[in-house]
Amino acid sequence: MEQKYFPPSELIINDDGSCFHLHLRPEYLADRVILVGDPARVDLVASHFDTKEHETQNREFHTITGTYKGKRITCQSHGIGCDNLDIVANELDTLANIDYETRLEKKKHRTLTMVRIGTCGGIQPYTPIGTFIASVKSIGFDGLLNFYAARDHVCDLELEKAFMEHMEWNPQKGHPYVAVADKSLTDQIAGDDMIKGYTISCGGFYGPQGRQLRADVADPLQNEKARTFEYDGLRVCNFEMESSALAGLASLLGHRATTCCLVIANRYAKDMNTQYTNSIDTLIETVLERI
């Protein structure tokens, strides 16, 4: 089979041989990747590394590659939102599966294992502040995966249908999609001390997550409808802004990916904790041990 060629307009390579946004070269990407939103959190993850071999930063994209107990790991920040995940997931895949010298797709596929560590808002009474949640499937309100041809092949279409009916979904908001995290990786990371459930990935922090400040939201009952949705024995546990893009793109590109989050706000109880550094560090240590 003829290898696919990627022209400069599609695969943008910097003069130093690094990918366009991440400024990362192929040789500095490990097979295990920890993804975090905040660029400063990369330093927190890397503070646990035994060795550090490479560091680079461009805009919100901060990367450190090193080792933890003999495991080579890349920690990569992605900023906020599924649009940023579109950049990060695609560029990491190019580093793994495209020859940057010839611009040809590599004959042998390299599979990355990617775990996103984030913060979220819990919406169930059993997801109080401090809870760790592992996303089994993620419902994307952002619409990102709808722009990819094989979207239906990697999504849970029956769950999509049931969710839209339950939510009395307004098509003006675009079609939600349900991306599926890698089951074996989710089980590996979640262990027996994280709550598993569905996650809603929103295209914003305020209105899309049902927060009302000065601008009214289109559906004031959105969060309550989401909280009462149940399918195949699982419920929607939390809101965040990236897990659907990660799970969906990883499935499309042949990688293993999952998301685990620390609850820092409970929308059901209407409480919030902004002092969560110690708790997120505990989650980081847990993922480093299990990845």
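Keep in mind that what you see is a predicted model, and the values were worked out from it rather than measured.

Conventions used here
- Residues numbered from 1 in each chain as written.
- Predicted model: local features only at pLDDT ≥ 70, side-chain atom pairs only at ≥ 80, totals over all residues.
- Heavy atoms only, no water.
- Core = buried A, V, L, I, M, F, W, Y, C linked by side-chain atoms within 4.5 Å.
- Buried < 20%, exposed > 50% of the residue type's maximum accessible area, 1.4 Å probe, protein only.
- Helix = DSSP H or I, 4+ residues; strand = E, 2+ residues; numbered from the N terminus.
- Expected span 1.5 Å × (residues − 1).
- 1 Å grid on protein atoms, 1.4 Å probe; cavity = no way out; pocket = protein on both sides within 12 Å on 5 of 7 lines; lining within 4 Å.
- Points joined across faces, edges and corners; volume = space filled by probe spheres on them.
- Nonpolar A, V, L, I, M, F, W, Y, C, P; charged D, E, K, R; others polar.
- Polar contact = N/O pair within 3.5 Å; in protein donor to acceptor, adjacent residues only side chain to side chain.
- Contact = heavy atoms within 4.5 Å.
- Axes fitted to C-alpha atoms, helices over the stretch in contact; angles between N-to-C directions.
- Parallel < 35°, antiparallel > 145°, perpendicular 65-115°, else oblique.
- Left-handed = near helix turned anticlockwise from the far one by under 90°.
- Pairing = 2+ DSSP bridges.

*Asks:* Give me the lowdown on the nonpolar core, citing residues and values where you can.
*Replies:* Counting 32 residues, the largest nonpolar core has L29, L92, M114 and Y177 as the members making the most contacts within it. Looking at this core element by element, the count peaks at seven residues for helix α2 (residues 82-97). Of all hydrophobic cores here, the second largest spans 27 residues; its members include I34, I189, C260 and I264.

*Asks:* Can you tell me about unusual backbone geometry, naming the residues and giving the values?
*Replies:* Trans peptide bonds make up the majority, and among non-glycine residues the majority have a negative phi. Unlike most non-glycine residues, R103 shows phi in positive territory, near 65°. Look at D232: it is not a glycine, yet its phi comes out positive at around 55°. Tracing the backbone through its elements, the reader meets D232 in the loop between β11 (230-231) and β12 (234-240).

*Asks:* Just give me the short version of α2, but keep the residues and values in it.
*Replies:* In an α-helix, one turn spans 3.6 residues; hence positions three or four apart end up facing the same way. In a regular helix each residue adds 1.5 Å, so 16 residues correspond to 22 Å; α2 covers 22 Å between its end C-alpha atoms and thus fits that length. With twelve of 16 residues buried, α2 lies mostly within the body of the structure.

*Asks:* Residues and numbers for the layout of surface pockets, please.
*Replies:* Over the atoms, a rolling probe the size of a water molecule traces out where space has been left empty. Here the largest pocket is characterised by a volume of approximately 590 Å³. Along the wall of the largest pocket there are 21 residues; nearest its centre are F6, N90, D93, T94 and I98. For the lining of the largest pocket, the elements supplying multiple residues, two or more each, are α2 and α7 (243-253). Of all the elements, α2 adds the most residues to the lining of the largest pocket, at seven residues. Residues that form the lining of the largest pocket fall into these classes: ten nonpolar, five polar and six charged. Roughly 460 Å³ of volume is contained in the second largest pocket. Residue lining of the second largest pocket: 21 residues in total, with I80, T119, F205, M241 and E242 positioned closest to the centre. Every element with two or more residues in the lining of the second largest pocket is listed here: β7 (113-122), β12 and β13 (256-266).

*Asks:* Outline the side chain of S77, listing residues and values.
*Replies:* Among the structural elements, S77 can be located in strand β4 (residues 71-77). What makes S77 buried here is its relative accessible area of 0%. Here E60 takes part through its backbone oxygen, which lies 2.6 Å from a polar atom of the side chain of S77. Separated by 2.7 Å, the side chain of S77 and the backbone nitrogen of H62 make a polar contact. Setting aside residues no more than four positions away along its own chain, S77 makes contact with V36, G37, D38, P39, V42, E60, F61, H62 and V88.

*Asks:* If you had to explain the packing of helix α1 (residues 39-46) against helix α8 (residues 277-290) to someone new, which residues and values would you point to?
*Replies:* Angle between the axes and distance between the axes: these two values describe a pair of packed helices. At a minimum axis separation of 10 Å, α1 and α8 run at an interaxial angle of 60°. In terms of their interaxial angle, α1 and α8 are classed as oblique. In terms of crossing hand, the pair formed by α1 and α8 is right-handed. From α1, R41, L44 and V45 reach across to α8, where they touch I280, D281, I284 and L288. For the contact of α1 with α8, the residue count by class is five nonpolar, no polar and two charged.

*Asks:* Go over the pairing of β7 with me, naming the residues and quoting the values.
*Replies:* Counting buried residues along β7, nine of its ten residues qualify, which places the element largely inside the surrounding structure. Where β7 and β13 come together, ten bridges link them in parallel fashion. Bridged to G122 within β13 is N266. The sheet contact formed by β7 and β12 spans two bridges and is antiparallel. Residue pairing for β12: G122 is matched across the bridge by N238.

None of this, on its own, says anything about what the molecule does.
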